[in-house]
Amino acid sequence: MTWSLCETSAVLAQQPVAPSGSPRVGLQLPGSSASAGLTAIPERQRGWRGGSWRCPQDPRARAGCPARRPQDPGGYPCRGESAGAAAAAVPFPPPPRGAPPPARMLEEAGEVLENMLKASCLPLGFIVFLPAVLLLVAPPLPAADAAHEFTVYRMQQYDLQGQPYGTRNAVLNTEARTMAAEVLSRRCVLMRLLDFSYEQYQKALRQSAGAVVIILPRAMAAVPQDVVRQFMEIEPEMLAMETIVPVYFAVEDEALLSIYEQTQAASASQGSASAAEVLLRTATANGFQMVTSGVQSKAVSDWLIASVEGRLTGLGGEDLPTIVIVAHYDAFGVAPWLSLGADSNGSGVSVLLELARLFSRLYTYKRTHAAYNLLFFASGGGKFNYQGTKRWLEDNLDHTDSSLLQDNVAFVLCLDTVGRGSSLHLHVSKPPREGTLQHAFLRELETVAAHQFPEVRFSMVHKRINLAEDVLAWEHERFAIRRLPAFTLSHLESHRDGQRSSIMDVRSRVDSKTLTRNTRIIAEALTRVIYNLTEKGTPPDMPVFTEQMQIQQEQLDSVMDWLTHQPRAAQLVDKDSTFLSTLEHHLGRYLKDVKQHHVKADKRDPEFVFYDQLKQVMNAYRVKPAVFDLLLAVGIAAYLGMAYAAVQHFSLLYKTVQRLLVKAKTQ
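These notes cover the structure that comes with them. Computed from a prediction, not measured in an experiment: that's the story for all the values here.

Turning next to the overall build of the chain. Looking only at helices and strands, one finds 20 helices and 22 strands in the chain. Residues counted as buried form 47% of the 667 residues belonging to the chain. Partitioning the contacts of the chain with sequence separation of at least 6, the portion at a separation of at least 24 is 78%. As presented, the chain carries roughly 33,000 Å² of accessible surface, and 55% of it is formed by carbon and sulfur atoms.

What follows deals with helix 18 (residues 578-590). Taking 1.5 Å as the rise per residue, helix 18 with 13 residues should run 18 Å; its terminal C-alpha atoms sit 19 Å apart, in good agreement. When helix 18 is considered as a whole, its buried residues turn out to be Phe579, Leu580, Leu583, His586, Leu587 and Tyr590. One side of helix 18 carries all its buried residues, which in axial view fall inside an arc of 125 degrees. Along helix 18, the residues that are exposed and aim more than 90 degrees away from the buried face are Thr578 and His585. Turning to helix 18, the residues buried within the fold contact strand 13 (304-312), helix 12 (342-362), strand 15 (373-379), helix 17 (553-563) and strand 20 (592-600).

A contiguous nonpolar surface patch, about 350 Å² in accessible area, is contributed by Leu632, Ile636, Tyr639 and Leu640. Inspection of the secondary structure assignment puts Leu640 in helix 19 (residues 626-648).

Enumeration over the complete set of coordinates arrives at 18 aromatic pairs. A ring pair is formed by Phe377 and Trp392, whose centres lie 3.8 Å apart and whose planes are at 10 degrees; its orientation type is stacked. Placement of the pair is Phe377 in strand 15 and Trp392 in helix 13 (residues 387-398), with a sequence separation of 15 residues. For the pair formed by Phe377 and Trp392, the shared burial category is buried.

Right, let's talk about the packing of helix 14 (residues 437-451) against helix 16 (residues 512-530) for a bit. Interhelical geometry of helix 14 versus helix 16 gives an angle of 135 degrees and a closest axis separation of 9 Å. With respect to helix 16, the element helix 14 is oriented oblique. The element helix 14 and its partner helix 16 pack so that their crossing is right-handed. Side by side, helix 14 and helix 16 meet where Leu437, Ala440, Phe441, Glu444, Leu445 and Val448 of the first sit next to Ile521, Glu524, Ala525, Leu526, Arg528 and Val529 of the second. In terms of residue class, the contact of helix 14 with helix 16 is made up of nine nonpolar, no polar and three charged.

Here the focus is the pairing of strand 5 (residues 163-167). Of the pairings in the sheet, the one linking strand 4 (residues 157-160) to strand 5 comprises four bridges and is antiparallel in character. Within the sheet, the bridge partner assigned to Gln157 lies in strand 5 and is Gly166. Where strand 4 hands over to strand 5, the hairpin turn is made up of two residues, of which Gln161 adopts a positive phi near 55 degrees. Bridge count between strand 5 and strand 9 (residues 242-243): two bridges; the pairing is parallel. Note on strand 9: the bridge partner recorded for Gly166 is Glu242.

Where a protein is soluble and globular, its nonpolar side chains tend to be buried together. Of all hydrophobic cores here, the largest spans 67 residues; its most connected members are Leu355, Tyr363 and Leu526. Examining the composition of this core, we find that 10 residues originate from one element, helix 12, more than from any other. Apart from residues lying up to four places away in sequence, Leu526 is in contact with Ile323, Ile325, Leu355, Phe359, Phe411, Leu413 and Phe441.

Attention shifts here to the sheet that holds strand 4. Strand order across the open sheet formed by five strands is 9-5-4-21-12, with mixed pairing between neighbours. Looking at strand neighbours, the two that pair on one side only are strand 9 and strand 12 (299-300), the edges of this open sheet. Both strand 4 and strand 21 (residues 608-611) contribute to a ladder of three bridges, which runs antiparallel. When the bridges of strand 21 are listed, Tyr158 appears paired with Phe610.

Viewed as axis vectors pointing N to C, helix 12 and helix 16 meet at an angle of 45 degrees, and their least axial separation amounts to 10 Å. Classified by the angle between their axes, helix 12 and helix 16 sit oblique to one another. When you trace helix 12 past helix 16, the crossing you get is right-handed. The segment helix 12 lies against helix 16, with Ser347, Ser350, Val351, Glu354, Leu355, Leu358 and Phe359 engaging Leu515, Thr519, Ile522, Ala523, Leu526, Thr527 and Ile530. By residue class, the composition of the contact of helix 12 with helix 16 is nine nonpolar, four polar and one charged.

Once that is clear, we can look at the pattern of salt bridges. Enumeration according to the criterion identifies 19 salt bridges in this entry. Taking the shortest distance from any N to any O, the salt bridge between Arg177 and Glu175 comes out at 3.1 Å. In terms of burial, Arg177 and Glu175 fall into one category: buried. Between Asp612 and Lys298 there is a salt bridge, with the nearest N and O atoms lying 3.1 Å from each other. Linking Asp612 in the loop between strand 21 and strand 22 (615-623) with Lys298 in the loop between strand 11 (287-292) and strand 12, this pair joins segments that are 314 residues apart in sequence. Looking at Asp612, the relative accessible area reads 18%, which means it is buried.

Listed in full, the buried residues belonging to helix 8 (residues 198-206) are Tyr198, Tyr201 and Ala204. Down the axis of helix 8, the buried set is contained in an arc of 120 degrees. They therefore lie on one face. The exposed set on the far side of helix 8, more than 90 degrees from its buried face, consists of Glu199 and Arg206. Looking at the packing, one finds that the buried side of helix 8 touches strand 7 (188-192), strand 8 (211-216), helix 9 (225-240), strand 9 and strand 10 (247-251). A positive backbone phi angle near 60 degrees is found at Ser208, which sits one or two residues after helix 8.

Read from one edge to the other, the open sheet built from eight strands follows the order 18-17-19-16-14-15-13-20, with strand pairing classed as mixed. Strands at the two margins of the open sheet, each flanked by one partner only, are strand 18 (457-462) and strand 20. Strand-to-strand twist in this sheet, taken as the mean axis angle between neighbours without regard to direction, amounts to 20 degrees. Contacts from helix 13 reach strand 13, strand 14 (322-328), strand 15 and strand 20 within the one sheet, and its direction differs from that of strand 20 by about 110 degrees.

Along the chain, the position of Arg622 falls in strand 22. Remark: the alpha-carbon pair of Arg622 and Gly287, spanning 335 residues in sequence, is separated by 5.7 Å. In this structure the side chain of Arg622 is engaged in a polar contact, spanning 3.1 Å, whose partner is the side chain of Gln262.

The rules behind each value
Residues numbered from 1 in each chain as written. Predicted model: local features only at pLDDT ≥ 70, side-chain atom pairs only at ≥ 80, totals over all residues. Heavy atoms only, no water. Helix = DSSP H or I, 4+ residues; strand = E, 2+ residues; numbered from the N terminus. Buried < 20%, exposed > 50% of the residue type's maximum accessible area, 1.4 Å probe, protein only. Contact = heavy atoms within 4.5 Å. Areas by Shrake-Rupley, 256 points an atom, 1.4 Å probe, with all protein chains shown as cover. Expected span 1.5 Å × (residues − 1). Arc of directions from axis to C-beta. Patch = residues over 30% accessible without salt bridge, like charges linked within 9 Å, V, L, I, M, F, W, Y side chains within 5 Å. Salt bridge = Lys/Arg side-chain N within 4 Å of Asp/Glu carboxyl O. Phe/Tyr/Trp six-rings, centres within 6.5 Å; stacked < 30°, edge-to-face > 60°. Axes fitted to C-alpha atoms, helices over the stretch in contact; angles between N-to-C directions. Parallel < 35°, antiparallel > 145°, perpendicular 65-115°, else oblique. Left-handed = near helix turned anticlockwise from the far one by under 90°. Nonpolar A, V, L, I, M, F, W, Y, C, P; charged D, E, K, R; others polar. Pairing = 2+ DSSP bridges. Core = buried A, V, L, I, M, F, W, Y, C linked by side-chain atoms within 4.5 Å. Polar contact = N/O pair within 3.5 Å; in protein donor to acceptor, adjacent residues only side chain to side chain.

So, in structure tokens, the structure goes:
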């Protein structure tokens, strides 16, 4: 009959304990008549230590040590005992078949671990403790480096005459790349304005990019002029096509520039010749997940386009001729929240307000109160086919009998982009006939420019109205369609010039001296027509507005600063905005009967539809690329495989380590 170590330990615990120092005669096992080779040796000398056996150094005690099992598979000699001596000793009975050995396994594992730690077993410590040490000593990533939050401005999204324009999506949650990457599919492509081109933009869309983010310089005035002109030409092409993916614009800061540079480095590494090098660089590079905080855009219902009008009534009878001065106040660009519209058409609004101030002073005194009605109109929705002007004309010509537009309209002067350049062009749909007041105004413009400002090149540009186009060329065409004599004054020779619809149209593009000069030319020509100064013999080189009545450049500059301090896209200016109330207040200082005029799109067949989610917060989260997850999974699998192999072949590993340690000690 054989017994296991745990059963033997239990039997030992049941044996009577002799007093300290007294001899203990053999161990009587159940079912055995012999003492199993144990002689009368004191228990402390034989290795009895607090209820368990330890191998003493006394050879007599080692001969009967129950912990020595040389014939047991996987057994080992006592510490300090040779293999030959162990073989000569009395064998311990093998355990019975099927008996669970938990106590023996725990005891042996504890002793092995103790021996390993005492022997400084490097492979086992490396396998067990290295991952934990790395996790403890690895410094945490600072929160500022792990994520960056910045404001982004979405590209235009609107419908005009049932035709969609701009981007159709607003949700973004994808990994960042630059144009240096070979694969852009379902990636957020980062582009800097200084390196931007329409070909690259088209390439990103053709490769099914998930989104496009264009990074703008912080100081737009410092952008080189060739870059400004190039982007102005690109903007209309970007809006002409319907874009499915979201397109955003962001103003550059240090964190965003760092994100771009790191993404650029990671994208450029994909073009290396070696596949291993590409894999290594990709795995070690930092990636960024770009996520927007908003939801999908939706149409804004019942949006109102507001316009403001005011008048100066002429002195005389009821059937006085009326001169209408018009300037649309809204700005337009590829992104509504970045559309400041300095030259187009902040300059036109500034001139309109200055003309209102000058003629209000002239109309204050009876001897300078002219026999002309002056109607001032700051229109809204000018960049959306002049919707504010269209509905204003319909209401005044079709739905009322007491409008100045129904009586005797001399001409309509529209002001658009008059803040820079060395030329002025009068755009007409039909050349004025001689003898008419509009022809007289044309001649006065030529006279004032030639005699008082010879450096200005003035000309008339004739262009017929093309009703087949979705958008009219100039605002005066809205009046010409209703058979009202009208023209537009601008320093641009063509209506297709990109300066009229660009986010690059900032305050620095308007020259204060040029704006003041053009305001004076317009005021002088109007005054000479209204007061018939040429027929009265006033010399053409004699200025009218001098001394107390001169053009105030400071006034023009302050108005321009106010106008360009805020975006004026039609989607952002509602009837309750502070901009409209301030504009109404300015006109109310000089004019009478100042009021707002509102336009709402028809629900059944809307001519224009605006969408929301034009300004959002984007978060850039620092992440590792997908290949890093793959390599991490392979590393974890390799680590677990090594640990499993070490456990399964622990005896071989232990013997190998022991041999190495013994060899190292002998050397």
